[in-house]
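This is what each chain is made of:
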Amino acid sequence: MAYDYSDLLKNAQRWAEQAQTTGWINQDSLQTLSDVELQAPTALFDFGQSRPLIVAFMGGTGVGKSSLLNRLAGKAIAKAGVERPTSREVTLYHHQSVTLQHLPAQFPVTQVNIAQHQDDTSQHIVWIDMPDIDSNEQTNKHQVLQWLPHIDLLIYVVSPERYRDNKAWQLLLAEGGKHAWLFVFNQWDRGQTEQYQDFIQQLQQAGFNEPIIFKTICDPVSLSDEFELLKSTLVTLATQHTIEQLEQRGLQVRTQELSKRLQQIIPKLGDVGATQQLVGLWQQQWQRSSKLLQQGFVWPIQQAASYYAEHTADLITHPSMNQVVLWDAWAQSRLDDALDEFISNANQLGMPATPIRQQLAPIREQAEKIIRDQSALAVREALANPGNLAQRLFLKTMRLAEILLPLTVMAWVGYQVFMGYYTSNITHSQYLGVDFAIHSTLAIALSWLIPFFVIKKAQPSLKKTAIRGLNKGLNQALTTLEISVSDAITVIVQQHAEQIQQSLEIIQQCSQQPEKTRQPTQEKGPLARMLVD
Ligand SMILES: Nc1nc2c(ncn2[C@@H]2O[C@H](COP(=O)(O)OP(=O)(O)O)[C@@H](O)[C@H]2O)c(=O)[nH]1
Ligand SMILES: [Mg+2]
């Protein structure tokens, strides 16, 4: 399926805008896709069913652009010989049957002159005299750039002094492929053959194998120059076929340019290899940072544990007890450092920093809450079950012994009392003596007191229990932080893949442009000589 160029451009710009908002590309990259050279030309002129060939004189200050247009018109329609540094005006010269529909965006109407003629031989041509491109005034250059997308054929005018003009030359090199080009060596009355040869060589270097150059003399007008030839060449070119070919070619060149610019942006998104290293990079970073955090937490945990041990009862009545501060400014800056270092290392691998920073931002904010919640929970759990398993088992046994031992001893004493009484009755011997009373009382007391004291002594320390809980909670919280970052990395990698895929899709669409018309450069004839690939 082939896409309309303006749709392609819109897609590319839309993609770039969202990529810029999410931090994947910077403002400069976005700008390269909104440059005026990429704009799809709109129909500026209306001429019944079709549009005319739009021809513009372009070149440095004082080469004779305005003089050429005035010569065409046979009267002074453009201001010639405007005092340097520059002339700002744009002059349009066209047949009265042609109507201007609208001016390029942001173009100041006050600086456009319009002159009309009734010469039917050149009714399919709109001539434009452009401001001097070499001017230091940015508005001039801006104006020229605004007009360029609408121009089919540029007549690059030079003079003996200014044929090596750098600024105009730069524009020719940049814009070369988007237009057809004719060349005028004006002020030929003062020109020399070596200069002409030199100019041809320069054009050949720019890609014009057989450039079409007209030598003209406009002040005073010389009838023996090549001005009439220039005019008739343009009249023969102004056919619907040529205009369509040029239009098509302009769109093709723009499509290629768009695709090229997108391809230049893609490496800035970071490569797939770099995204694959992100998880490993983070794990290394976290190994160092979490160790540091754990060391730094030893003292705060002891402080917090003492506090918990002394205030266990308040845990329920004072909810603020759950907010003992472990995560202080020191801890936050260690985490920030870890994340910053990770971002900077990822950046060195070629990943853009902004989307990573955006994804990690919430984790920086949540860290305190994660640590607080998880350590409070773990402390509560630990305090609910103090001591370790062996300690708890031992205590249970002791509590049982505290009941069973005195009961057993009492039962034994009772039995002895009964048996003593019974045997003393039968044998009329002496009943149980004082010794027995003392010993059995002692035995009963000891059987109860021993487990009672053991239980008292074996109670696990609340502080130790709180430390255990806090450590457990802290480790869980640190793991949660690590996983949160890993999850964020997964999102970053996904986003990266999506950005690449979307931009590749547009590049793919660019390459699906149909070759509607035969490339004019492949044809023989004057048009082929006016184009560069
Ligand atoms: N000697 C000579 N002077 C010319 C020729 N054409 C134009 N000029 C002069 O060059 C100056 C600049 O011409 P102008 O048309 O304003 O140049 P523009 O800045 O490119 O529009 C004017 O003073 C013209 O009279 C020419 O063929 N020969
Ligand atoms: Mg001028």
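Conventions we followed
Residues numbered from 1 in each chain as written. Chains lettered and ligands numbered in written order. Predicted model: local features only at pLDDT ≥ 70, side-chain atom pairs only at ≥ 80, totals over all residues. pLDDT = per-residue confidence, 0-100. Helix = DSSP H or I, 4+ residues; strand = E, 2+ residues; numbered from the N terminus. Domains from an automatic or database assignment. Core = buried A, V, L, I, M, F, W, Y, C linked by C-beta atoms within 7 Å. Buried ≥ 20, exposed ≤ 12 C-beta atoms within 10 Å, placed from the backbone. Contact = placed C-beta atoms within 7 Å. Pairing = 2+ DSSP bridges. Axes fitted to C-alpha atoms, helices over the stretch in contact; angles between N-to-C directions. Parallel < 35°, antiparallel > 145°, perpendicular 65-115°, else oblique. Left-handed = near helix turned anticlockwise from the far one by under 90°. Nonpolar A, V, L, I, M, F, W, Y, C, P; charged D, E, K, R; others polar. Expected span 1.5 Å × (residues − 1). Bend = angle between axes of the 7 residues up to and from the residue. Arc of directions from axis to C-beta.

1. Overview of the confidence of the model for the protein chain
Segments scoring low in pLDDT should not have their predicted coordinates read at a detailed level.
And then number 1: Within the protein chain, residue pLDDT values average 86, and 91% of them lie at 70 or more.
And then number 2: Of all helices and strands in the protein chain, the one with the weakest mean pLDDT is helix H10 (residues 314-317) (62), whereas strand E9 (residues 213-215) scores best (96).

2. A word on the domain arrangement of the protein chain
Where interface size is quoted, it is often the accessible area lost as the parts come together.
And then number 1: The domain architecture assigned to the protein chain consists of domain 1 (43-238), domain 2 (273-386 + 462-510) and domain 3 (389-458).
And then number 2: A straight line from the C-alpha centre of domain 1 to that of domain 3 covers 124 Å.

3. Section: the nonpolar core
And then number 1: Counting residues in each nonpolar core, the largest one holds 56 residues, and the members touching the most others are Val 55, Ala 56, Met 58, Ile 128, Ile 155, Tyr 156 and Val 157.
And then number 2: If we ignore the near neighbours within four places in the chain, the residues touching Met 58 are Met 130, Ile 133, Leu 154, Ile 155, Tyr 156, Val 157 and Ala 168.
And then number 3: Counting residues in each nonpolar core, the second largest holds 36 residues, with Ala 304, Trp 327, Leu 335 and Met 351 among its members.

4. Observations concerning the sheet that holds strand E7 (residues 153-158)
And then number 1: Strand order across the open sheet formed by 7 strands is E5-E3-E6-E2-E7-E8-E9, with mixed pairing between neighbours. One side of each edge strand has no neighbouring strand; the edge strands of this open sheet are strand E5 (112-117) and E9. For this sheet, the mean inter-axis angle between neighbouring strands, taken without regard to orientation, is 20°.
And then number 2: By the bridge criterion, 5 bridges tie strand E2 (residues 53-59) to strand E6 (residues 125-129) in an arrangement that is parallel. Across the sheet, the residue bridging to Phe 57 is Asp 129, located in E6.

5. Let's talk about the environment of Ser 289
And then number 1: Topologically, Ser 289 is positioned in helix H9 (residues 272-310).
And then number 2: Considering only alpha carbons, one finds Ser 289 and Leu 339, 50 residues apart in sequence, at a separation of 9.5 Å.

6. Details of the environment of Ser 222
And then number 1: Note that Ser 222 resides in the loop between E9 and helix H7 (227-237).
And then number 2: Each C-alpha atom, one on Ser 222 and one on Asp 189, is 8.8 Å from the other, the two residues being 33 residues apart in sequence.
And then number 3: Each residue touching Ser 222, except ones within four places of it in the same chain, is listed here: Asp 189 and Ile 217.

7. Description of the packing of helix H12 (residues 353-384) against helix H15 (residues 462-511)
And then number 1: Between H12 and H15, whose axes approach to 7 Å, the crossing angle comes to 155°. Looking at the two axes, H12 sits roughly antiparallel to H15. In this structure, H12 crosses over H15, and the sense of that crossing is right-handed.
And then number 2: A breakdown of the residues in the contact of H12 with H15 according to their chemical character gives 22 nonpolar, 10 polar and 3 charged.

8. Topic: the packing of H9 against H15
And then number 1: It is the contact of H9 with H15, at a shortest axis distance of 9 Å, that shows an interaxial angle of 155°. On the basis of the axis angle, H9 is roughly antiparallel to H15. Crossing of H9 against H15: the hand is right-handed.
And then number 2: Residue composition of the contact of H9 with H15, by class: 21 nonpolar, 7 polar and 2 charged.

9. Section: H12
And then number 1: In this model, H12 (32 residues) spans 46 Å end to end at C-alpha, consistent with the 46 Å of a helix rising 1.5 Å per residue.
And then number 2: Its axis deflected by about 45° at Gln 366, H12 carries its strongest bend there.
And then number 3: Listing the buried residues of H12 in full gives Pro 355, Ile 356, Gln 359, Leu 360, Ala 367, Ile 371, Gln 374, Ser 375, Ala 376, Ala 378, Val 379 and Ala 382.
And then number 4: Among the structural elements, H9, helix H11 (329-348) and H15 are those in contact with the buried residues of H12.

10. Observations concerning H11
And then number 1: For H11, with 20 residues, the first-to-last C-alpha span of 28 Å sits near the 28 Å given by 1.5 Å per residue.
And then number 2: What H11 keeps buried is the set Leu 335, Ala 338, Leu 339, Phe 342 and Ala 346. Down the axis of H11, the buried side of the element spans an arc of 85°, and every buried residue falls inside it. Among the exposed residues of H11, those pointing more than 90 degrees away from its buried face are Ala 329, Trp 330, Ser 333, Ser 344 and Gln 348.
And then number 3: In the core, the buried residues of H11 are packed alongside H9 and H12.
And then number 4: Taken from the residues just after H11, Gly 350 is the one with a positive phi, measuring 105°.

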